[in-house]
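Remarks on the overall topology
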Number of protein chains: 2
Amino acid sequence: MGSMTIGKLSGATGVKVTTIRYYESIDLLDEPERSASGQRLYGAAAVERLGFIRHARDLGFPVSAIRELISLQVDPGRDCDLVDQIARRQLGEVRRRLTQLEALEAELKRMITACEGGKVASCSVLAALGHHEHCLHEEHAGKEVLAALPSK
Amino acid sequence: MGSMTIGKLSGATGVKVTTIRYYESIDLLDEPERSASGQRLYGAAAVERLGFIRHARDLGFPVSAIRELISLQVDPGRDCDLVDQIARRQLGEVRRRLTQLEALEAELKRMITACEGGKVASCSVLAALGHHEHCLHEEHAGKEVLAALPSK
DNA sequence: TCTACAGTCTACAGTAACTATAGAGGCAAG
DNA sequence: CTTGCCTCTATAGTTACTGTAGACTGTAGA
Ligand SMILES: [Zn+2]
Ligand SMILES: [Zn+2]
Ligand SMILES: [Zn+2]
Ligand SMILES: [Zn+2]
């Protein structure tokens, strides 16, 4: 029946081949069957599961949360309290970050509009970066806001 | 003159001791003088520099950008075009993330409010995660939105 | 059938910006 | 002089992947 190689699965879900293997290595995906020569072979269940993972990741759920969600799916008779709790936690996280980013946006905008060009010595952007005391905030509510800029 | 140990510098700037040593290792901070027994000794310039770095990091500037900004500070007679360009790039980044997060917020909220409790089998949160097709968006504009949840 | 060439395999290193740990040595107060 | 905190170096762990090397496999055209 419908058994696809890792490349097909990748094409079907939009998840890179290496990422699929990575998910398997961290036990997010079950080990698939193998062909005689050792190539991975997937069925419809894998497409479903991988789609689920991808959507959750797109929404910012950490892998640990996705692992929880998957384990909850295993027995469908359970109450979905925990599922909803995880989702609400994630929503809270997203909102926390939104608040932080809004503060950053405001400060960056202020910095940039204050600069009217000229020499580095008198650049208000550099001045503002050097003197946190003049900011409108005590601290940048929360820190470590942009975990790391993708930069790619 | 005012020479402080790494611990004092840490206290003065709010940057952890280990992080200060890390910044030195990646050449964001100059190597400081050392006491006879090898302990780092810092002066006022280090406090200033580290404060600058911290503020820029708080605003989400990647280390690579901070490195650029520092190198620009070195000759103050230059035009500040580049400084402003870096800041605007950062502002753009922040805005891009804001947009993404707003989309995520909306989808998570929708998911959660659709769930009215019950069993896992019928939980709308899990259903929504499983079926990306029913979303209001083609893709989650941009992906890799929350580089990694701090989770700490 | 031979030969490209794309796809797959494993294993390991690199990314960003730190944080944590181990194990050794330093410094001031009591 | 001992207690207890500070500092030192070096190394590994974090998160969620991505990229590489080097070898093998599967397939389609000449
Ligand atoms: Zn300027
Ligand atoms: Zn500020
Ligand atoms: Zn539910
Ligand atoms: Zn979606």
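Quick caveat, the model's predicted, so the values are computed rather than measured. (Residues numbered from 1 in each chain as written. Chains lettered and ligands numbered in written order. Predicted model: local features only at pLDDT ≥ 70, side-chain atom pairs only at ≥ 80, totals over all residues. Heavy atoms only, no water.)

**Brief notes about the overall build of chain A**
What counts, and what does not: Working definition: helices are DSSP H or I runs of at least four residues, strands are E runs of at least two. Numbering for both runs from the N terminus. Residue burial is assigned from relative accessible area. The probe radius is 1.4 Å, only protein chains are included, and a residue is buried under 20% of its type maximum, exposed over 50%, and partly exposed in between. Any two residues whose heavy atoms approach within 4.5 Å at even a single point are treated as in contact. Accessible areas in this description were obtained via Shrake-Rupley with a 1.4 Å probe; residue shielding takes into account the shown protein chains only.
Tallying secondary structure elements over chain A gives six helices and two strands in all. Moving toward the C terminus, one meets the helices and strands of chain A in the order α-α-β-β-α-α-α-α. In chain A, which comprises 152 residues, the proportion classed as buried is 42%. Put simply, 47% of the contacts in chain A that link residues at least 6 apart link residues at least 24 apart. For chain A, the computed accessible surface area is about 8200 Å², with 52% contributed by carbon and sulfur atoms.

**Here's the deal with the interface of chain B and chain A**
Note the cut-off: Accessible surface is computed with a 1.4 Å probe, and the buried area is the amount of it that two parts give up when combined, taken over both parts together. Think of a polar contact as two N or O atoms within 3.5 Å of one another; within protein, one of them needs to be a possible hydrogen donor and the other a possible acceptor, and neighboring residues in sequence only count if both atoms come from side chains.
Chain B puts 68 residues into the contact, and the matching count from chain A is 67 residues. Looking only at chain B, the three residues that lose the most surface to chain A are His55, Val120 and Leu129 of chain B, adding up to 11% of its buried area. Between the two partners, chain B and chain A, sit 18 residue pairs in polar contact (both at pLDDT 80 or more). At the level of elements, helix H3 (44-58), helix H4 (63-74), helix H5 (81-114) and helix H6 (124-130) of chain B are the ones that each hand at least two residues to the side of chain B that touches chain A.

**With respect to the coordination of the zinc ion (ligand 1)**
Octahedral metal centres with six donors ideally show angles of 90 or 180 degrees, and tetrahedral centres with four donors ideally show 109.5 degrees. Test applied: Atoms are scored as donors when they are N, O or S and lie within 2.8 Å of the metal, with 3.2 Å used for Na, K and Ca; no water is included, so coordination may look incomplete. Any coordination sphere not matching a tetrahedral pattern (four donors, all angles between 85 and 135 degrees) or a square planar or octahedral pattern (four or six donors, opposite donors over 155 degrees apart, other angles between 65 and 115) is reported as irregular.
Only Cys115 of chain A (SG), Cys123 of chain A (SG), Cys80 of chain B (SG) and Asp84 of chain B (OD) from the protein reach the zinc ion (ligand 1) as donors, at distances of 2.2 to 2.5 Å. Around the zinc ion (ligand 1) sit four donor atoms, and with donor-metal-donor angles ranging over 92 to 136 degrees the site reads as irregular. Look at Cys80 of chain B and you get buried, because its relative accessible area is 1%.

**Things to note about the protein's contact with DNA strand D**
Test applied: When at least one non-hydrogen atom of a residue lies within 4 Å of a molecule or strand, that residue is treated as near it. Residues are grouped as follows: Ala, Val, Leu, Ile, Met, Phe, Trp, Tyr, Cys and Pro are nonpolar; Asp, Glu, Lys and Arg are charged; every other residue, Gly included, is polar.
If you check the shell around DNA strand D, you find 17 residues, and the closest are Thr19, Ser37 and Arg57 of chain A together with Gly7 and Arg21 of chain B. Take Thr5 of chain B: an N or O atom from its side chain is 2.8 Å from a phosphate oxygen of DNA strand D. Mapped by element, the contributors of at least two residues to the surface near DNA strand D are helix H2 (17-25) of chain A together with helix H1 (6-13) of chain B. Among the elements that line the surface near DNA strand D, the one with the most residues is H2 of chain A, at three residues. Here the residues of the surface near DNA strand D are counted per class, giving five nonpolar, seven polar and five charged.

**Quick notes on the nonpolar core**
Within soluble globular proteins, side chains that are nonpolar generally end up buried alongside one another. The condition is simple: Only buried Ala, Val, Leu, Ile, Met, Phe, Trp, Tyr and Cys residues count toward a nonpolar core, and they belong to the same one when joined by side-chain atoms within 4.5 Å.
Core analysis: the largest hydrophobic core is formed by 80 residues, its most contacted members being Phe61, Val83 and Leu129 of chain A together with Phe61, Val83 and Leu129 of chain B. Ignoring any residue separated from it by four or fewer positions in sequence, one finds Phe61 of chain B in contact with Leu108 and Leu129 of chain A together with Ala56, Ile66, Leu69, Ile86, Ala87 and Gln90 of chain B.

**Digging into the relation of the copies chain B and chain A**
Rule in force here: Here the copies are superposed with least squares, the fitted atoms being C-alpha atoms of residues at a pLDDT of at least 70 in both.
Under the fitted operation, chain B is carried onto chain A by 0.0 Å of movement along the axis and a turn of 180 degrees, and the coordinates agree to an RMSD of 0.1 Å. Look at the turn and shift together and you get a two-fold axis relating the two. Residue by residue, 99% of the interface of chain B is reproduced at the interface of chain A, so both copies engage with the same surface.

**A word on the protein's contact with DNA strand C**
Around DNA strand C, the surrounding shell holds 16 residues, and the nearest of these are Thr5, Arg21 and Arg40 of chain A together with Thr19 and Arg57 of chain B. Note that a phosphate oxygen of DNA strand C is positioned 2.4 Å from one of the side-chain N or O atoms of Arg21 of chain A. Arg40 of chain A is positioned with one of its backbone polar atoms (N or O) 2.7 Å from a phosphate oxygen of DNA strand C.

**Overview of the packing of helix H3 (residues 44-58) of chain A against helix H4 (residues 63-74) of chain A**
Residue and element names in this part refer to chain A. For clarity, the cut-off: Lines fitted to the C-alpha atoms define the axes, with helices restricted to the stretch that makes contact. Angles between their N-to-C directions range from 0 to 180 degrees. Any angle from 65 to 115 degrees is called roughly perpendicular, while one under 35 is roughly parallel, one over 145 is roughly antiparallel, and all others are oblique. In this scheme the handedness of a crossing depends on how the near helix is turned from the far one: anticlockwise by less than a right angle means left-handed, clockwise means right-handed.
For the pair H3 and H4, interaxial distance at closest approach is 10 Å and the crossing angle is 140 degrees. Judged on the interaxial angle alone, H4 and H3 are oblique. Where H3 crosses over H4, the two elements pack in a sense that is right-handed. Between H3 and H4, the residues in contact are Arg49, Phe52, Ile53, Ala56 and Arg57 and Val63, Ile66, Leu69, Ile70 and Gln73, respectively. A breakdown of the residues in the contact of H3 with H4 according to their chemical character gives seven nonpolar, one polar and two charged.

**Some words on the pattern of salt bridges**
All names here are of chain A. Definition in use: The working definition used for a salt bridge is a side-chain nitrogen of Lys or Arg within 4 Å of a carboxyl oxygen of Asp or Glu.
Counted according to the given criterion, the structure contains 14 salt bridges over all chains. Note that Arg40 and Glu24 form a salt bridge whose closest N and O atoms lie 2.8 Å from each other. Pair noted here: Arg40 is in strand S2 (residues 40-41) and Glu24 is in helix H2, with a separation of 16 residues, a long-range link. For the pair formed by Arg40 and Glu24, the shared burial category is buried. Linking Arg54 and Asp58 is a salt bridge whose minimum nitrogen-to-oxygen distance equals 3.6 Å.

Functional significance is not addressed by these values, which are geometric in nature.
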